[in-house]
Amino acid sequence: MKKTATKQGTRRSLGISAFPIIILCFILAMVIYHFVYGNPANFINNDPNNHPIQGNLLGTIYKGGIIVPVIQTLLFTVLTLSVERLIALKRAKGKKNLQQFVTKVKSDLEEGNIEAVRQACDEQKGTVANVIKSSLSTYSQVSACDTLSKEEKQLAVRKDLEEATMLELPTMEQNLGVIATITTLGTLMGLLGTVIGMIKSFAALSSAGGTDSIALSTGISEALVNTAFGIATGACAVIAYNFFTSKIDGITHSIDEIGAYLVQSFTIKQR
């Protein structure tokens, strides 16, 4: 129990919560929607209720309606969390090149130089180094224990390696669930905006006394703008999620690779 508590105490958060990021992104999206897209200078007669000035993209986006800042919030959240995850995973890899670190540790383990491995972990830092360093402590303890059999010692080393990995993994996957949710939510919000825009367009076509051209164009703009933003948001979220999951898989593969050498080194030493 004492050892488990120590491990949990060394668990580090590699990033920040997504909730405050979402709130800040929503505020930013609303400010941009009202004061940039909705700037009267973007519209005929300086009136946002009129058509956008011909060729004015900002005014056209404003006509996308209230769904626009919602989708933009999701887009800004994906971009912000992507930067946050880049920084977090860079810290997880450690100070030096991860592949060079793995190669050095494997070489030291083959030579049975445990102190060199421990020193390399102290210099490297990061998730991989933390897991290996934790396992080295167990390695040293069970090696000096005469009451355990060889199989029990190997099991203890493997179990410690798995536990240390499980403690570090959630910190690397932090906020990825939010990005994964936005992959679908962004597209759905874009579809919702499209449907709302088409409803307004058909309402303008069916209005009594002829077609309301402003209402018709507003509905079409709302449909197209939200479609574009929804697709862009979903695409960015998918790319970000797949990119970061592949990076995490690379880090966990490095842990597994060194862990296998650590167990192999222990097995050879116990013969």
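The preceding data block contains the structure.
Note that the structure is a prediction, hence the values are computed from the model and not measured.

Chemist: Give a detailed account of the packing of aromatic side chains, specifying residues and quantitative values.
Modeler: Aromatic ring pairs: the centre-centre distance and the angle between the two ring planes describe each pair. Scanning the model with the defined rule gives three aromatic pairs in all. Seen from their ring centres, Y33 and Y62 are 4.8 Å apart, and the 20° between their planes marks the pair as stacked. Of this pair, Y33 sits in helix α2 (residues 18-37) while Y62 sits in helix α3 (residues 57-62), and the two are 29 residues apart along the sequence. Note on F243 and F244: the rings are 5.2 Å apart at their centroids and 75° apart in plane angle, and the pair reads as edge-to-face. Feature note: the residues Y33, F43 and Y62 constitute an aromatic cluster, connected by ring pairs.

Chemist: So, the nonpolar core: which residues are in play, and what are the values?
Modeler: It is characteristic of soluble globular proteins that their nonpolar side chains tend to be buried jointly. Residues Y37, F101, V128, I132, I251 and I258 are the most contacted members of the largest nonpolar core, which totals 55 residues. No other element matches the 11 residues that helix α10 (residues 213-269) contributes to this core. Among residues more than four places away in sequence, those in contact with I258 are F101, V102, V105, L109, V128 and I132.

Chemist: Give a description of the environment of G65 that names residues and reports values.
Modeler: The residue G65 is located in the loop between α3 and α4 (67-93) in this model. Through-space distance from the C-alpha of G65 to that of G197 is 8.4 Å; in sequence the pair is 132 residues apart.

Chemist: Tell me what's going on with the pattern of salt bridges, and back it up with residues and numbers.
Modeler: In total, this model carries six salt bridges according to the counting rule given. In this structure, E123 and K96 form a salt bridge, with 3.3 Å as the shortest nitrogen-oxygen distance. Pair noted here: E123 is in helix α6 (residues 114-124) and K96 is in the loop between α4 and α5 (98-111), with a separation of 27 residues, a long-range link. You can call E123 partly exposed: its relative accessible area is 38%. The partner of K106 in a salt bridge is E257, and the shortest N-O contact between them spans 2.6 Å. One end of the pair, K106, is in helix α5; the other, E257, is in helix α10, and 151 residues separate them in sequence. Judged by relative accessible area, which is 18%, K106 ranks as buried.

Basis of the calculations
- Residues numbered from 1 in each chain as written.
- Predicted model: local features only at pLDDT ≥ 70, side-chain atom pairs only at ≥ 80, totals over all residues.
- Heavy atoms only, no water.
- Phe/Tyr/Trp six-rings, centres within 6.5 Å; stacked < 30°, edge-to-face > 60°.
- Helix = DSSP H or I, 4+ residues; strand = E, 2+ residues; numbered from the N terminus.
- Core = buried A, V, L, I, M, F, W, Y, C linked by side-chain atoms within 4.5 Å.
- Buried < 20%, exposed > 50% of the residue type's maximum accessible area, 1.4 Å probe, protein only.
- Contact = heavy atoms within 4.5 Å.
- Salt bridge = Lys/Arg side-chain N within 4 Å of Asp/Glu carboxyl O.

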